[in-house]
Amino acid sequence: DVKVTQSSRYLVKRTGEKVFLECVQDMDHENMFWYRQDPGLGLRLIYFSYDVKMKEKGDIPEGYSVSREKKERFSLILESASTNQTSMYLCASSPFEGTDTQYFGPGTRLTVL
Amino acid sequence: KQEVTQIPAALSVPEGENLVLNCSFTDSAIYNLQWFRQDPGKGLTSLLLIQSSQREQTSGRLNASLDKSSGRSTLYIAASQPGDSATYLCAVTGGDMRFGAGTRLTVKP
């Protein structure tokens, strides 16, 4: 079975802090994704990556950056956390672009005070 | 830009009832459509994947249909159980994957 893990289930940070969210997949997938999920808005794509050291902006990249130094690991970075970044963050991976299912991690509930 | 809508936002039914969840999308140029389940505070689990050339997929008590021309999909759950209580999301894949906001289902014993 594909396993996607996220470093924390719950995280509380203060405004202005630098925050790292880590995601690891164990199936050698090329593609990895970061979403945020907010009530009534569904999942919105922040960034994705099709290969090591490659990244593409999604719909809402402002205030975020990403890093993919190894194929299995995709990190989401909040350079200076703000209260409007309080959300559920979901990581996903997939073996092929566009046509295949994505496998999701358990999510990280981030609260910025 | 693809928009995905799920109605209703919430649904409550008694145990044993058959039910239908609805998903609509604006652009019919899709590769596939998926239905996911999400339990509170958890990630998404894929339930059914329908390729654009298919009309439906079945898994156990679940049946999903796809009508690309009308931009609609339905998820049919037969003989609902309390364990089916969760949020159900549909997602369409074209150049990227777009999600609906979900339908929160409660099945009462």
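Summarised in this report is the structure supplied together with it. All of these numbers come straight from a predicted model, not from anything done at the bench. (Residues numbered from 1 in each chain as written. Chains lettered and ligands numbered in written order. Predicted model: local features only at pLDDT ≥ 70, side-chain atom pairs only at ≥ 80, totals over all residues. Heavy atoms only, no water.)

### Quick look at the interface of chain A and chain B
In this assembly, 18 residues from chain A lie in contact with 18 residues from chain B. For the pair chain A and chain B, the two sides together bury roughly 1,400 Å², of which 53% comes from carbon and sulfur. The interface formed by chain A and chain B includes one salt bridge. Across the pair B:Arg98 and A:Asp59 runs a salt bridge, and its minimum N-O distance is 2.4 Å. The tally of links between chain A and chain B comes to four residue pairs in polar contact (both at pLDDT 80 or more). Counting residues per element, the ones that place at least two in the side of chain A that touches chain B are strand 4 (31-38), strand 5 (42-49) and strand 9 (87-94) of chain A. Grouping the constituent residues of the side of chain A that touches chain B by class yields seven nonpolar, eight polar and three charged. (Contact = heavy atoms within 4.5 Å. Buried area = accessible area lost by both parts, 1.4 Å probe. Salt bridge = Lys/Arg side-chain N within 4 Å of Asp/Glu carboxyl O. Polar contact = N/O pair within 3.5 Å; in protein donor to acceptor, adjacent residues only side chain to side chain. Helix = DSSP H or I, 4+ residues; strand = E, 2+ residues; numbered from the N terminus. Nonpolar A, V, L, I, M, F, W, Y, C, P; charged D, E, K, R; others polar.)

### Let's talk about the state of the cysteines
Summed over the entire model, instances satisfying the criterion amount to two disulfides over all chains. At a sulfur-sulfur separation of 1.8 Å, the disulfide partner of A:Cys23 is A:Cys91. On the S-S bond that ties A:Cys23 to A:Cys91, the torsion sits near -75°, and the link is left-handed. Within this pair, whereas A:Cys23 is found in strand 3 (residues 19-25), its partner A:Cys91 is found in strand 9, the two being separated by 68 residues in sequence. Of the residues examined, A:Cys23 reaches a relative accessible area of 0% and is grouped as buried. Covalently, B:Cys23 is tied to B:Cys90 through a disulfide, its sulfur atoms 2.0 Å apart. Since a negative S-S torsion denotes a left-handed disulfide, the B:Cys23-B:Cys90 link at about 75° is right-handed. Taken together, the residues span a long stretch of sequence, with B:Cys23 in strand 3 (residues 19-25) and B:Cys90 in strand 9 (residues 86-93) at a distance of 67 residues. Note on B:Cys23: relative accessible area 2%, which makes it buried. (Disulfide = S-S within 2.5 Å. Buried < 20%, exposed > 50% of the residue type's maximum accessible area, 1.4 Å probe, protein only.)

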